[in-house]
Amino acid sequence: MTNEQTRTVELPERILDRVDDRLPRTEFDGEAEYITYVMEEVLYRVEQETEDDDFEAVDEDEVKDRLKSLGYLDE
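Everything numeric here is computed off the predicted structure, so don't read it as measured data. (Residues numbered from 1 in each chain as written. Predicted model: local features only at pLDDT ≥ 70, side-chain atom pairs only at ≥ 80, totals over all residues. Heavy atoms only, no water.)

1. Observations regarding the overall build of the protein
Scanning the protein from N- to C-terminus turns up 3 helices and 0 strands. Shown N-terminal to C-terminal, the secondary structure of the protein runs as helices and strands in the order α-α-α. Residues counted as buried form 5% of the 75 residues belonging to the protein. In the structure as shown, the protein presents an accessible area of about 7,600 Å², 46% of it carried by carbon and sulfur atoms. (Helix = DSSP H or I, 4+ residues; strand = E, 2+ residues; numbered from the N terminus. Buried < 20%, exposed > 50% of the residue type's maximum accessible area, 1.4 Å probe, protein only. Areas by Shrake-Rupley, 256 points an atom, 1.4 Å probe, with all protein chains shown as cover.)

In structure tokens form, the structure reads like this:
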């Protein structure tokens, strides 16, 4: 791993047990390195799936007015 600043995160024992089980079958030197890799992969995939170039900001008042006109909100 690089010399990046780090923070401590508490994880459930069951997660660390699973990491410990997988670690011998990887090329990683330790839990922290493996967990960092897994988190980066998961975050990358989530970020790719949630990127929406077609996102258009919507005015909250317009949405409320529309919901009222459709009968979903009380006047």
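Okay, back to it.
2. Quick notes on the confidence of the model for the protein
For the protein, the average pLDDT comes to 86, and 89% of its residues sit at 70 or higher. The spread of mean pLDDT over the elements of the protein runs between helix α3 (residues 60-69), the lowest at 84, and helix α1 (residues 13-22), the highest at 95. (pLDDT = per-residue confidence, 0-100.)

3. What to know about the packing of α1 against helix α2 (residues 31-50)
If you want to describe how two helices pack, look at the angle between their axes and the distance between the axes. Following both chains from N to C, one finds α1 and α2 inclined at 100°, their axes separated by 10 Å at the closest point. With respect to each other, α1 and α2 are oriented roughly perpendicular. Of the residues in α2, those touching α1 at Leu16, Val19, Asp20 and Arg22 are Glu31, Tyr34 and Ile35. Of the residues in the contact of α1 with α2, the class split is 4 nonpolar, no polar and 3 charged. (Axes fitted to C-alpha atoms, helices over the stretch in contact; angles between N-to-C directions. Parallel < 35°, antiparallel > 145°, perpendicular 65-115°, else oblique. Contact = heavy atoms within 4.5 Å. Nonpolar A, V, L, I, M, F, W, Y, C, P; charged D, E, K, R; others polar.)

4. Points about the packing of aromatic side chains
Inspection of every chain in the model, using the stated rule, returns 2 aromatic pairs. Look at phenylalanine 28 and tyrosine 34: their rings are 5.4 Å apart centre to centre, the planes differ by 70°, and that puts the pair in the edge-to-face class. Residue phenylalanine 28 is classed as partly exposed on the basis of its relative accessible area, which comes to 25%. Aromatic ring contacts, followed pair by pair, group Phe28, Tyr34 and Tyr37 into a single cluster. (Phe/Tyr/Trp six-rings, centres within 6.5 Å; stacked < 30°, edge-to-face > 60°.)

5. Remarks on a negative patch on the surface
Residues Glu13, Asp17, Asp20, Asp21 and Glu31 make up a contiguous surface patch of negative charge. Per element, the largest residue contribution to the negative patch is 4 residues, and it comes from α1. Within the secondary structure, aspartate 17 is located in helix α1. (Patch = residues over 30% accessible without salt bridge, like charges linked within 9 Å, V, L, I, M, F, W, Y side chains within 5 Å. Salt bridge = Lys/Arg side-chain N within 4 Å of Asp/Glu carboxyl O. Lys, Arg positive; Asp, Glu negative; His and termini not counted. Charge placed at Lys NZ, Arg CZ, Asp CG, Glu CD.)

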